[in-house]
Each structure stands twice: as C-alpha cells, then as structure tokens.
Amino acid sequence: MSQCLTAELLLGQLNSTHSDADVRRILSQAFDAVEKSYFEAIGDALAEKANLQSQIPEGVLFHQLSPQCQKLSDRLGVLEQEVNGGATAVVALILNNKLYIANVGTNRALLCKSTSDGQNQVIQISQAHTTDNEDELARLAQLGLDPNRLRQTSLIGGQSSTRRIGDYKVKFNYSDMDVLSSAKNKPIIAEPEIHGGQSLEGVTGFLLLMSEGLIKALESAHGPEQANQEMVAMVAAELAQQNSLEAAAQSVVERVKRLHHDAFVSGRQRASHCSRHEDMTLLVRTVNYPLADGSLTPTQGGRIYPVSVPYSNSQSTSKTSVTLSLVMPSQGTLTNGTNTASTLEGGTPTPGQSPTATLQSTNTQTQSSSSSSGDGSLFRQRGSQAAQPDETGRVPPYVDFTEFYSLWGSEHSDGQSTQGGLGPQ
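Residues numbered from 1 in each chain as written. Predicted model: local features only at pLDDT ≥ 70, side-chain atom pairs only at ≥ 80, totals over all residues. Heavy atoms only, no water.

### Section: the overall build of the protein chain
Our working definition: Each helix is a run of DSSP H or I of at least 4 residues and each strand a run of E of at least 2, with the numbering of both proceeding from the N terminus. Remark: exposure states derive from per-residue accessible area (1.4 Å probe, protein chains only) relative to the maximum for the residue type, with buried under 20%, exposed over 50%, and partly exposed in between. Contacts were defined at the residue level, with two residues in contact if any of their heavy atoms lie within 4.5 Å. Working definition of accessibility: Shrake-Rupley area with a 1.4 Å probe, residue cover restricted to the visible protein chains.
Per the secondary structure count, the protein chain includes 11 helices and 13 strands. Looking at the protein chain residue by residue over its 425 residues, the buried ones come to 46%. Taking the contacts inside the protein chain whose residues are at least 6 apart along the sequence as the reference set, 67% of them involve residues at least 24 apart. Total accessible area on the protein chain is roughly 21200 Å²; 47% of this is exposed by carbon and sulfur atoms.

Right under this line is the structure:
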C-alpha cells in the first residue's frame, strides 16, 4: 500500500511549480487511485466468492453440509478475509521546503518545533477519523446517519475508523449494515484530510508519524491527556543519546511497549486498559535537528522510506493494515534525508508470562530485527554471524556441550552410568 501511494506521487506528478492547491489535489488523487487499483486487484476473488456463494445452500449449518460444501465454505471464508481487507494511512510530503500531511484513519502526525529558549512546541497535525471526531460525525449526519447512534456503536464494520482505504464489504454493502443502512451515499471513504503546506523555513525540530497502536499503547498506560508531550519528550531524549535515528526510534517503541507492559502487571488503576496492544510503528524525520554526533538533516531532496505494517485484531471483522509514508520528491541532487521507521509487534502477556516481541527497523541502508524479553532491557544487536531467533522468538543453542557433559559424567558417575553421558539427571 505504501509503495503504491508513493508511486502515485513520485512518478512525475509533483514538481516545484505546483501551488498548495495543486499538491492537495494530487495527494487526494493518489489515495483515490490506490483504492481503485486495490478493488481492481481483488476482482477475481470477488468473482470466485460470488460463484461459491451460489453453490452453498443458504441457512444450512456448517456441520450439516456435505464434505464438498464444507470445503467450499472454508474457501469462502478465506476469500471473505481477502476482499474485506483495508488500510489506514498517513503520508507526509515535503515539497519546496513545505510540509503536507494527508491522513485517512486513525494514525497520528506530530510536528515538534524547538523554540529559542530550548522548549519543544508540539503540534498535532492530523486528527483521527472516528466516531469521537465531531467533524466526522457532522459529515456522516449529512448523509442521513444518526450521530448519537454512531457514538454508541463506536466500531463500524469491526473497525474504529470512519475513513479507510479498501474494505470492500463496508464500501459496497453498507446498505445491508443496520447502523449505515440509512446513508444516502458511501459513509466510509478513502478521501484524505490534507493539511499544508506548512513552511519549514527556519524550523528546527522533528516530525513523527505514528500508528494508532503506538499512541494507544501510551495512552492506555499513562492516560491520553499528555500523550503527545510524552511521546515528543521520549523522542527528544533518545535523539540526544543516540547517533542514529534507527536507534532512537527503536528505543522509543521499546520504551512505550515496556510502559504498557509495566502498567498491566502493576495491577493498578490503568492495568485494565493494558491487556493487549496493536502493532506499534514510529517513523521519525528530523528537520535541522542535531543528533548525538552533531549531524543535521537536510530538508531538500531525499528518498522515500515507507513502511506498511499489517496487524490482526481478534475482535475485528476486517483485515487491516497501517501505512505510514514519508515522501521526499527529489530536487536537484538526490541526497539522503534522515528518516527511520520502527515497528514492534506483539500483545501484552498475562502476568507470569515472558513477553516476546519483534522489532523491525528500516532506514537508508539497513533492516534489522531484535527480540525483547520481559526483563525490560533495551534491544541489543548481535553480531552478523549470531544465530537468529526462530518463529517463537527463541534463539537456538549454538554451543556444543557434548564434551563437557561427557567429562562431567566421567567425574561424577561413581560407578553409576548416566543416561547417554549427557550430564546430571
């Protein structure tokens, strides 16, 4: 999804002569084109789904179906998941030293500006498109929907977002959904809310693009009141200590995960809010902001570093992914901008379990992964020859203790044989 969005923006569509209105139009067209291409891509699956539905008797329980129809029903379930897929997305575009933010769904964009007195001014640029958003409720009310009922429903089609890319079932069958049936037109849309351009001239600071999972994890642990300020403070603290954005982003994501876990196991007031979390993704872009080694980030030129993070929710009826993209159209000489993205997957365990998570990070040159144990330690990178974790997050043994156990058995047998000579029993 993120690759498609950036392709719709960087294949000659944008240039330095475009006005703010032109840029907003092109951004909106990009989202529309990506959704249309998605629906075209699932055309074969929709046709197969319709064919299978015509072959399976209606109103018959699964265990009452013939073996052949049960196989068709299983296949139908797979197709349902495929065609019901969707994505929320936030895109940051920097053109002519201006920042544009295009958002669909529940991700968040923050711009932090450093003031002359050393303080951090935090600006939340995007707003979540949910039934808690009064502007969204007003939009839906104009289509004939009941705002009060929408507030009570909270989830629409299994998701909290009122704008998203894809999700065929909701987009084309909303009239069959009780809460949306009175809508005069499609209520769930992929039209982005666009902010900008905001001049970056003379700005020193950094831009954060965050998935809903990251911000919700922090809000669950500490409350929503100061979540933006806390996130900016954590990023600023890590940028002051780390010499790369990759390391800073990794540390912030792991730090939020640890706060979420600690709140859960504490059993205190907010523990009930922290039983699980979605995948957490953070993308950082600095603007003339010094890292620990004193390096600065150019604001002109650059490359694209998108990240798309799928996640599953056991309570959802739709398959959803999160797309965060930072787009830097090349201007003159192509230079490397300073961007990084970190992703942490995994849920909060119940007390007594050891949480295992996987962190994936991408920047200009590297892609790495690490695992986190429940001791709260930060990620530590192994050498390039070290064994990698398996699918359970465990590192297989890579030291052969055969000789040790053999010698131990000889010294301690006292006339008694050890089983296979493999150490104490």
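Once you've had a look at it, read on.
### Overview of the pairing of strand S8 (residues 280-287)
Burial within S8 is extensive, with 8 of its 8 residues counted as buried. A two-sided burial pattern is seen for S8, the buried positions comprising Met280, Leu282, Val284 and Thr286 on one face and Thr281, Leu283, Arg285 and Val287 on the other.

### A few points about unusual backbone geometry
Here the amide bond leading from glycine 196 into glycine 197 is cis, since omega sits at 5 degrees, within 30 degrees of zero. Residues other than glycine seldom take positive phi values, yet asparagine 96 does so here, at roughly 55 degrees. Within the fold, asparagine 96 resides in the loop between strand S1 (86-95) and strand S2 (98-104). Located in the positive-phi region is aspartate 167, a residue other than glycine, with phi close to 65 degrees. Structurally, the position occupied by aspartate 167 is in the loop between strand S5 (165-166) and helix H7 (168-172). For aspartate 167, a relative accessible area of 1% corresponds to the buried category.

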